[in-house]
Each structure stands twice: as C-alpha cells, then as structure tokens.
Amino acid sequence: MLKNNLVIKRVTRLSDKVLEDINLLLSQWYKKSYSIDPEYLTLVIKNNYLIALYDYDHGSIVGIVTLIKIPKLSGVKGSIEHLILDEKYRGQGLGEKLMVYAIDFAKSLGINTLFLTCESEREVANALYQKLGFNIKKTNFYYLNLNNSK
Ligand SMILES: CC(C)(COP(=O)(O)OP(=O)(O)OC[C@H]1O[C@@H](n2cnc3c(N)ncnc32)[C@H](O)[C@@H]1OP(=O)(O)O)[C@@H](O)C(=O)NCCC(=O)NCCS
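Residues numbered from 1 in each chain as written. Predicted model: local features only at pLDDT ≥ 70, side-chain atom pairs only at ≥ 80, totals over all residues. Heavy atoms only, no water.

S.K.: Residues and numbers for the nonpolar core, please.
M.R.: Grouped burial of nonpolar side chains is what soluble globular proteins tend to show. Core analysis: the largest hydrophobic core is formed by 25 residues, its most contacted members being Leu-53, Val-65, Leu-67, Leu-98, Met-99 and Leu-114. Mapped by element, the contributors of at least two residues to this core are strand S1 (6-11), strand S2 (49-55), strand S3 (60-72), strand S4 (75-85), helix H3 (94-108) and helix H4 (123-131). Those residues in contact with Val-65 that sit more than four places away from it in its chain are Tyr-49, Leu-50, Ile-51, Ile-80, Glu-81, His-82, Leu-83, Leu-98, Met-99 and Ala-102. (Core = buried A, V, L, I, M, F, W, Y, C linked by side-chain atoms within 4.5 Å. Buried < 20%, exposed > 50% of the residue type's maximum accessible area, 1.4 Å probe, protein only. Helix = DSSP H or I, 4+ residues; strand = E, 2+ residues; numbered from the N terminus. Contact = heavy atoms within 4.5 Å.)

S.K.: Report on H3, specifying residues and quantitative values.
M.R.: Taking 1.5 Å per residue, 15 residues should reach 21 Å; H3 reaches 21 Å between its end C-alpha atoms and fits that length. Those residues of H3 that fall on the buried side of the exposure criterion are Leu-94, Gly-95, Leu-98, Met-99, Ala-102, Ile-103, Phe-105 and Ala-106. Looking at the buried side of H3, the elements it contacts are S1, S2, S3, S4, strand S5 (113-115) and H4. Once H3 ends, the next one or two residues include Gly-110, with phi positive near 80 degrees. (Expected span 1.5 Å × (residues − 1).)

S.K.: Describe the site of the ligand, naming the residues involved and giving the relevant values.
M.R.: Every one of the 20 residues lining the ligand counts as a neighbour, but Leu-83, Leu-85, Gly-93, Gly-95 and Lys-131 are closest to it. At 2.7 Å, a backbone N or O of Leu-83 approaches a nitrogen atom of the ligand. Between the ligand and Gln-92, the relevant distance is 3.3 Å, taken from an oxygen atom to a main-chain nitrogen or oxygen of the residue. Looking at the shell around the ligand, the elements that each hand over two or more residues are S4, H3 and H4. Sort the elements by how many residues they give to the shell around the ligand and H4 lands first, with six residues. (Near = heavy atom within 4 Å. Polar contact = N/O pair within 3.5 Å; in protein donor to acceptor, adjacent residues only side chain to side chain.)

S.K.: Requested: an account of the side chain of Asn-23, with residues and values cited.
M.R.: Examined against the element boundaries, Asn-23 turns out to sit in helix H1 (residues 16-30). Of the residues examined, Asn-23 reaches a relative accessible area of 11% and is grouped as buried.

S.K.: Can you explain the environment of Leu-85? Please cite residues and give values.
M.R.: Note that Leu-85 resides in strand S4. Judged by relative accessible area, Leu-85 falls into the buried class, the value being 10%. Note: C-alpha distance between Leu-85 and Leu-25 (60 residues apart in sequence) is 7.2 Å. What Leu-85 contacts, discounting residues up to four positions off in sequence, is Leu-25, Gln-28, Leu-53, Val-62, Gly-63, Arg-90, Leu-94, Gly-95 and Leu-98.

S.K.: Account for the sheet that holds S1, with residues named and values stated.
M.R.: The five strands are arranged S1-S2-S3-S4-S5 in an open sheet whose pairing can be described as mixed. This sheet does not close on itself; its edge strands, each paired only once, are S1 and S5. Adjacent strand axes in the sheet meet at a mean angle of 25 degrees when their direction is disregarded. Relative to S5, S4 runs parallel, the two sharing three bridges. Bridge pairing in S5 places Gly-78 opposite Leu-114. (Pairing = 2+ DSSP bridges. Axes fitted to C-alpha atoms, helices over the stretch in contact; angles between N-to-C directions.)

S.K.: How would you explain H4 if you had to name every residue and give the values?
M.R.: For H4, the complete set of buried residues consists of Ala-125, Asn-126, Leu-128 and Tyr-129. The buried residues of H4 occupy one face: seen down the axis, they fall within an arc of 160 degrees. Structural note: H4 exposes Glu-123, Val-124 and Lys-131 on the side pointing more than 90 degrees away from its buried face. Taken together, the buried residues of H4 touch S4 and H3. The positive-phi residue at the C-terminal boundary of H4 is Gly-133, with phi of around 100 degrees. (Arc of directions from axis to C-beta.)

In structure tokens:
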C-alpha cells in the first residue's frame, strides 16, 4: 500500500510543473542539468505511456517510468524505459511499486512480453528487475547513431 499522499498514475498532459519535475528527474538520470524539449515530451506523453509517482504533499512528480507498446510480428511487446525515482524517495519500496504498476498496466494493454535493458553497474535496478521475475536474455545489443555529429 502507498501512503495517502502518494499516487501512481499515467501522465496524460504536459503542464509547466510536469515539465519542471521531469527535467529534475532526467537531470538525476543524466547526472547533469537537463532540459527536455516540451514539444518532444508532449509527443512522448501522447504516443507512449508515461507513468508517474506523485507526492501530493509537495505537488510534485517524484518518480517516472515509460512504457512503450510495440506491435511486432511475434506479438504485442512492451519496452520499459527510464525508470527513475527521485534520490530522496529511494530505498522505500517505491521503485518496485512503480514497476508493478507499469507491469499491470502493460497486461491491461494486451502486452504479452516486457523487455528492458539495464547497464550492469546499476546494481539496485538489476536486483529489482530480477526480484520482479525479469530474466536475462543473452543477446548482442546493437545500436547505430544516426546523428551526423561525431
Ligand atoms: C532503480 C530505482 C528506481 C529503484 O527504486 P527504489 O525505490 O530505490 O527501490 P525499492 O526500494 O523499490 O527496492 C526494490 C528492490 O531493489 C533492490 N534494492 C533496493 N535498494 C537496494 C540497494 N541499496 N542495494 C541493492 N539492492 C537494492 C532490492 O532487490 C529491493 O527489494 P527488497 O527491498 O525486497 O530487497 C532507483 O534506485 C533509481 O531511480 N535509481 C536510479 C535510476 C536507475 O538506475 N534506473 C534504472 C535504469 S535501468
């Protein structure tokens, strides 16, 4: 059970406060001051499922996770991205609750498999995913940078 002031729900529209809170979380993620383009964030909110942990005592979003639904030839899959909890809120079971909410949300969307990637040095996150039953798939992970900049 969450404390009364804490609520997990999908973000459905962008406001100045939502933008500010998400920039604070992304700054913790990237370990430097970060500012996402509001138009791009609006697109993310519209086309994906941005799930947030709200602390109503402070009127702020204090954690997020993004769920992306992907209809593949092999079935409807879901990708979990950017699970981030504000540093002050970690270690109280809230990251796990956010993930459980995202998993249940994915089930309600008819998603049959969830996948995610996680750098091995993120010990807490790796432990959390394994606790929740995620299996490690031995595969090569490739990416291609399509930006022209070096
Ligand atoms: C990953 C993150 C969301 C976890 O949230 P959290 O609220 O701190 O984690 P919880 O309190 O819900 O703990 C859930 C499980 O994580 C693991 N865990 C939590 N704190 C841990 C620690 N200090 N050391 C090792 N494992 C830990 C445990 O398995 C724990 O379950 P348990 O309490 O039954 O042992 C949070 O630490 C975070 O935002 N980290 C930075 C961003 C990040 O790495 N995101 C993941 C990207 S792949």
